[in-house]
Amino acid sequence: MGDDIRPVAAGNGPASLPPGPAVHKDRRKRRPTGAPPPLPHPITISTTAWLILGAVALAGAFLASQHTPWLRIDDRASTWVLRLLAGIRTPWLTDVANGINGAGSGWGATALGLSVVALTMAFRRWRHLLVFLGSVLFLEIAGTSIYFGLSRPRPYGVTIIGSWGGYSGVSPPAAVLTIFLMGAVYCLAVPGRPRTYTKAAVVAVVAVFCLARLYLAVDHVDDLLLGVALAVAIPVTAFRYFTPNEAFPVAYRRGNTAHVDVTGRRGQAIRQAVRDQLGLTVTEIKPVGLESSAGSTPLRLRVEGSPEEFVFAKLYTKGHVRADRWYKLWRTILYGSLEDEHPFQTVRRLVEYEDYALRLLQDIGVRTARPYGIVEITPEREYMLVTEFHTGAVEIGEADVDDTVIDQGLQLIRTLWDAGIAHRDIKPGNLMVRSGELLLIDVAFVQVRPSPWRQAVDLGNMMLVLAVRTDPQRVYRRALAYFTEAELAEAFAATRGVASPTQLRAFMKRHPRDLLGEFRALAPQRPPIALQRWNIRRVALAAAMLAVITAAVGETGNAFLPAAENLGAYAPSCGTGHSMILSAQAVPSAALLPCIAVLPAGWSVGGTDIASGRASLWLDSDRAGPRAVTVTLTATCDTSGAQQIPSDQPGTRRFEHPLSLAPQFSSLRFYTFPGGCATYRFSFAQGTSPALAVAVDNALAFQSRSTLVNYVRHTEGLMLCGRDAACPR
């Protein structure tokens, strides 16, 4: 028996196929125009509400910032709330508020954000991680634009008792903390009651953090509202669009996350859709074969009133198409175009193609499932292909494989070759055996007129699958009746590494023998066929992806640093601009404030950093280099070692402390005045003349704080707290 290698008749042509079983169908129902589909795409009210809230808050913020009457009303309303909270200030409550503010910002927020990233990576939720990082990146870019567009000073009319940095608009600390917490909600919390509880905890944490910042008077009320609204709307929209729960659920259980839940609303929708569109009454829905399926959700449907008790169905969602798109993109980058790597653009096209492939294989005589039709669950989002169910069949990895089954497997590949077709996913999970008959399933990746390499891989994988349950020598002897030795050598030169499906590689790894090595020893020697395919498209894709990842990591990484909460400020030009007011709030005791008067040719503002207790700006020079001069305003400074000279700025005392004249000029200059000190640090590029420092005298000047106090009182009807304007503490 083992030496009989005559080909069997099964699979030689269409005439050899037994007639497919029939199913009883009732009258089908057409969905009228305007009627809802079986599973309507949900309109998430909360997502829409957050988007509307964010848009309204943003529009209101810019409206108030551009029109003085609106700004006056907004500032006075915010001050009223802050004064109410200032009225309950006590030393111990201030310590608590400062502790909450410190824990929720700076390194506390950094630790939270990095923990979310680390845990998401640990649970291998790569899509959720990408969406989270993308949301953070988008918030950083959009938030920075809004932040500088508003350039809003800190609150008026109440003493600020907490630490802060930069403008108040958008409240970067509140936005950063909120988006990190939202990342924890959607990357780590299981949908349902656990996620609801997590959201409630997030609301409590954000509310306490915002109340602490209002108590300290470091933010306006609407700044916190805008920051939180944006930090919620952006990730909620992104997660619900790119990682919907039905396609990419967060779960702490074994199994493939590509498999969607078929109970509840979706289960009822499947029953209704199959009854209306195919005329079949479904009484039971049961997932099957989940271990070997990663691109769909395979189901067994029990139908009533039919000779065939069960039918098989594959449920595809939009998430499966997106996953296939990314999978093929990465394969192209990693290996080049091994085969057709063009992804399906819609779920409809994917399910239509598989239905076509089933009918094509039946036409050439391949025994596969008989298709019954395509069912629409949600238009353009979820479709299901219903086919014959092979009752009593088992996967070939669990079946008894004799010479008849071996011959059927080899004849199957021969038939595909002769028809110019490749299956592209030959593995134990896609080969079933029933009563000695070999059945082929899962034909979604069938390709017409494939490359010779792809056909050779199909042969190699089929022989490896057959050898798992028998032995290589036996399979090789039977294969000689269908293929030449040269074709067998080509098959095992091409079949290696990722050319074999993951499930097959796992079977081979558990097998005590080196199946692939034994086949190569039996076949004529042939050099391995390289998997790598280099072309312009692969290089361009890899370069573009590397550039995008590098830029995204660089930009997103900044958001996880404590410095991200102080985005900087515009340079304080002499006048009554927001940066001048912010400088006055940074050092409220200072009677004078340094500002930029007129920049000489060749000089430019390098940057500005304004925070509680200090205000700094630095100037760059085309000759003296970057940061040639740094000016820092503080309440006090140490002038020891400096020599007092006549001051060129009215109302100040000037001190000079030269550090080095050559080869690199560096020096310290101090201007002291009531309640403040401005330090000039000169650090010129090597070889630059010290005489260039004279230009700084014309570039910088001092402005009286009283001018700003009067301006705020006149425009806002409020006090710019500090010197010349006492406020309640």
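Here is a short report on the structure shown in this document. (Residues numbered from 1 in each chain as written. Predicted model: local features only at pLDDT ≥ 70, side-chain atom pairs only at ≥ 80, totals over all residues. Heavy atoms only, no water.)

### Some details on the overall build of the protein
At step 1: Along its length, the protein carries 21 helices and 19 strands.
At step 2: Its C-alpha radius of gyration of 36 Å places the protein more than 25% over the 27 Å reference for a compact globule of 729 residues.
At step 3: Counting only C-alpha atoms, the protein reaches 115 × 65 × 45 Å along its principal axes.
At step 4: When each of the 729 residues of the protein is scored for burial, the buried share is 52%.
At step 5: Pairs at least 24 apart in sequence give 71% of the contacts found in the protein among residues at least 6 apart.
At step 6: As presented, the protein carries roughly 32,400 Å² of accessible surface, and 61% of it is formed by carbon and sulfur atoms. (Helix = DSSP H or I, 4+ residues; strand = E, 2+ residues; numbered from the N terminus. Rg over C-alpha atoms; globule rule 2.2 N^0.38 Å. Buried < 20%, exposed > 50% of the residue type's maximum accessible area, 1.4 Å probe, protein only. Contact = heavy atoms within 4.5 Å. Areas by Shrake-Rupley, 256 points an atom, 1.4 Å probe, with all protein chains shown as cover.)

### Observations regarding the state of the cysteines
Joining two cysteines, a disulfide is a covalent bond between their sulfur atoms.
At step 1: Within the structure shown, the criterion is met by 2 disulfides.
At step 2: Bridging Cys637 to Cys677, the disulfide has an S-S length of 1.8 Å. With the S-S dihedral at roughly 80 degrees, the linkage between Cys637 and Cys677 falls on the right-handed side. Of the two residues, Cys637 is situated in the loop between strand S14 (625-634) and strand S15 (643-645) and Cys677 in strand S18 (residues 676-683); the sequence distance between them amounts to 40 residues. (Disulfide = S-S within 2.5 Å.)

### With respect to the pairing of strand S12 (residues 603-611)
At step 1: The pairing of S12 with strand S13 (residues 614-621) spans 8 bridges and is antiparallel. Paired with Thr608 across the strands is Leu617, a residue of S13.
At step 2: Counting the residues in the hairpin turn of S12 and S13 gives 2 residues, including Gly613, whose phi is positive at 95 degrees. (Pairing = 2+ DSSP bridges.)

### A word on the packing of aromatic side chains
At step 1: Counting across every chain of the model gives 21 aromatic pairs.
At step 2: Measuring from ring centre to ring centre gives 4.8 Å for Tyr241 and Phe242, while their planes differ by 90 degrees; the resulting arrangement is edge-to-face.
At step 3: Overall, Phe242 belongs to the partly exposed group, its relative accessible area being 40%.
At step 4: Ring centres 6.5 Å apart and planes at 50 degrees place the aromatic pair Tyr680 and Phe682 in the tilted group.
At step 5: Under the relative-accessibility criterion, Phe682 is labelled buried at 2%.
At step 6: Taken together, Trp603, Phe665, Tyr671, Phe673, Tyr680, Phe682, Phe684 and Phe702 form an aromatic cluster joined through their ring pairs.
At step 7: In this structure, Arg510 packs its charged tip against the face of Phe507, placed 4.9 Å from the ring centre.
At step 8: Positioned above the aromatic ring of Trp618 is the side chain of Arg627, whose terminal nitrogen or guanidinium carbon lies 3.7 Å from the ring centre. (Phe/Tyr/Trp six-rings, centres within 6.5 Å; stacked < 30°, edge-to-face > 60°. Lys NZ or Arg CZ within 6 Å of the ring centre and 35° of its normal.)

### Topic: the sheet that holds strand S6 (residues 394-395)
At step 1: Within the open sheet, the 3 strands sit side by side as S6-S8-S9. Their pairing is antiparallel. The open sheet is flanked by S6 and strand S9 (437-440), the only strands paired with a single partner.
At step 2: The pairing of S6 with strand S8 (residues 431-434) spans 2 bridges and is antiparallel. The residue bridging Glu395 from the neighbouring strand is Met432, located in S8.
At step 3: Contacting S8 and S9, helix H12 (residues 403-419) runs over the sheet at an angle of about 35 degrees to S9. (Axes fitted to C-alpha atoms, helices over the stretch in contact; angles between N-to-C directions.)

### Quick look at the pattern of salt bridges
At step 1: Summed over all chains, the structure comprises 31 salt bridges.
At step 2: The residue Arg302 makes a salt bridge to Glu284 at a minimum N-O spacing of 3.4 Å. With Arg302 in strand S2 (residues 297-303) and Glu284 in strand S1 (residues 282-287), this pair connects stretches of sequence that are 18 residues apart.
At step 3: On the basis of relative accessible area, Arg302 is assigned to the partly exposed category, the value being 26%.
At step 4: Take Glu284: its relative accessible area is 28%, and that puts it in the partly exposed class.
At step 5: Close ionic contact of Arg669 with Asp697 constitutes a salt bridge, the shortest N to O distance being 2.7 Å. Here the residue Arg669 occupies a position in strand S17 (residues 666-673), and Asp697 occupies one in helix H20 (residues 694-699), the gap between them amounting to 28 residues.
At step 6: The partly exposed category is assigned to Asp697, whose relative accessible area is 23%.
At step 7: In the salt-bridge network here, residues are joined through shared partners; they are Asp74, Asp75, Arg152, Asp222 and Asp223. (Salt bridge = Lys/Arg side-chain N within 4 Å of Asp/Glu carboxyl O.)

### Topic: a nonpolar patch on the surface
At step 1: Judged by side-chain polarity, Trp326, Trp330, Ile549 and Val553 come together as a nonpolar surface patch covering roughly 380 Å² of accessible area.
At step 2: Only helix H10 (318-335) and helix H18 (536-559) provide two or more residues apiece to the nonpolar patch.
At step 3: Relative to the elements of secondary structure, Trp326 occurs in helix H10.
At step 4: Since its relative accessible area comes to 39%, Trp326 is described here as partly exposed. (Patch = residues over 30% accessible without salt bridge, like charges linked within 9 Å, V, L, I, M, F, W, Y side chains within 5 Å.)

### Some words on the packing of H12 against helix H14 (residues 472-479)
Working note: a packed helix pair is described by the angle between its axes plus the distance between those axes.
At step 1: Two elements in contact, H12 and H14, have axes separated by 10 Å at closest approach and are oriented at 55 degrees. Considered as vectors, H12 and H14 are oriented oblique to each other. Crossing geometry of H12 relative to H14 is assigned as right-handed. Two secondary-structure elements touch here, H12 through Asp403, Ile406, Asp407 and Leu410 and H14 through Arg474, Val475, Arg478 and Ala479.
At step 2: Residue classes in the contact of H12 with H14 are distributed as 4 nonpolar, no polar and 4 charged. (Parallel < 35°, antiparallel > 145°, perpendicular 65-115°, else oblique. Left-handed = near helix turned anticlockwise from the far one by under 90°. Nonpolar A, V, L, I, M, F, W, Y, C, P; charged D, E, K, R; others polar.)

### Things to note about the environment of Thr715
At step 1: In this fold, Thr715 is placed in helix H21 (residues 705-716).
At step 2: Owing to a relative accessible area of 15%, Thr715 belongs among the buried residues under this scheme.
At step 3: In the structure, Thr715 is positioned 234 residues away from Ala481 in sequence and 96 Å away in space, judged by C-alpha atoms.
At step 4: A distance of 2.9 Å separates the side chain of Thr715 from the backbone oxygen of Tyr711, its partner in a polar contact. (Polar contact = N/O pair within 3.5 Å; in protein donor to acceptor, adjacent residues only side chain to side chain.)

### Examining the pairing of strand S19 (residues 700-704)
At step 1: Of all 5 residues in S19, 4 are buried; the element is thus mostly enclosed.
At step 2: Judged from the 5 bridges that link them, strand S11 (residues 592-596) and S19 form a sheet pairing that is antiparallel. When the sheet's bridge partners are listed, Cys595 is paired in S19 with Ala701.

### What about the sheet that holds strand S3 (residues 310-317)?
At step 1: With antiparallel pairing, the 5 strands of this open sheet are ordered in space as S1-S2-S3-S5-S4. With one partner strand each, in any of the chains shown, S1 and strand S4 (371-378) form the two edges of the open sheet. Each strand of the sheet is rotated relative to its neighbour by a mean of 25 degrees, with strand direction disregarded.
At step 2: For S2 and S3, the ladder comprises 6 bridges, and the chain directions are antiparallel. The partner of Leu299 across the bridge, within S3, is Ala313.
At step 3: Its contacts with the sheet put helix H9 (residues 264-278) on S1, S2, S3, S4 and strand S5 (382-388), and the angle it makes with S4 is roughly 130 degrees.
At step 4: Strands in contact with helix H11 (residues 347-363) are S3, S4 and S5; relative to S5, the strand with the most contacts, it is inclined by about 15 degrees.

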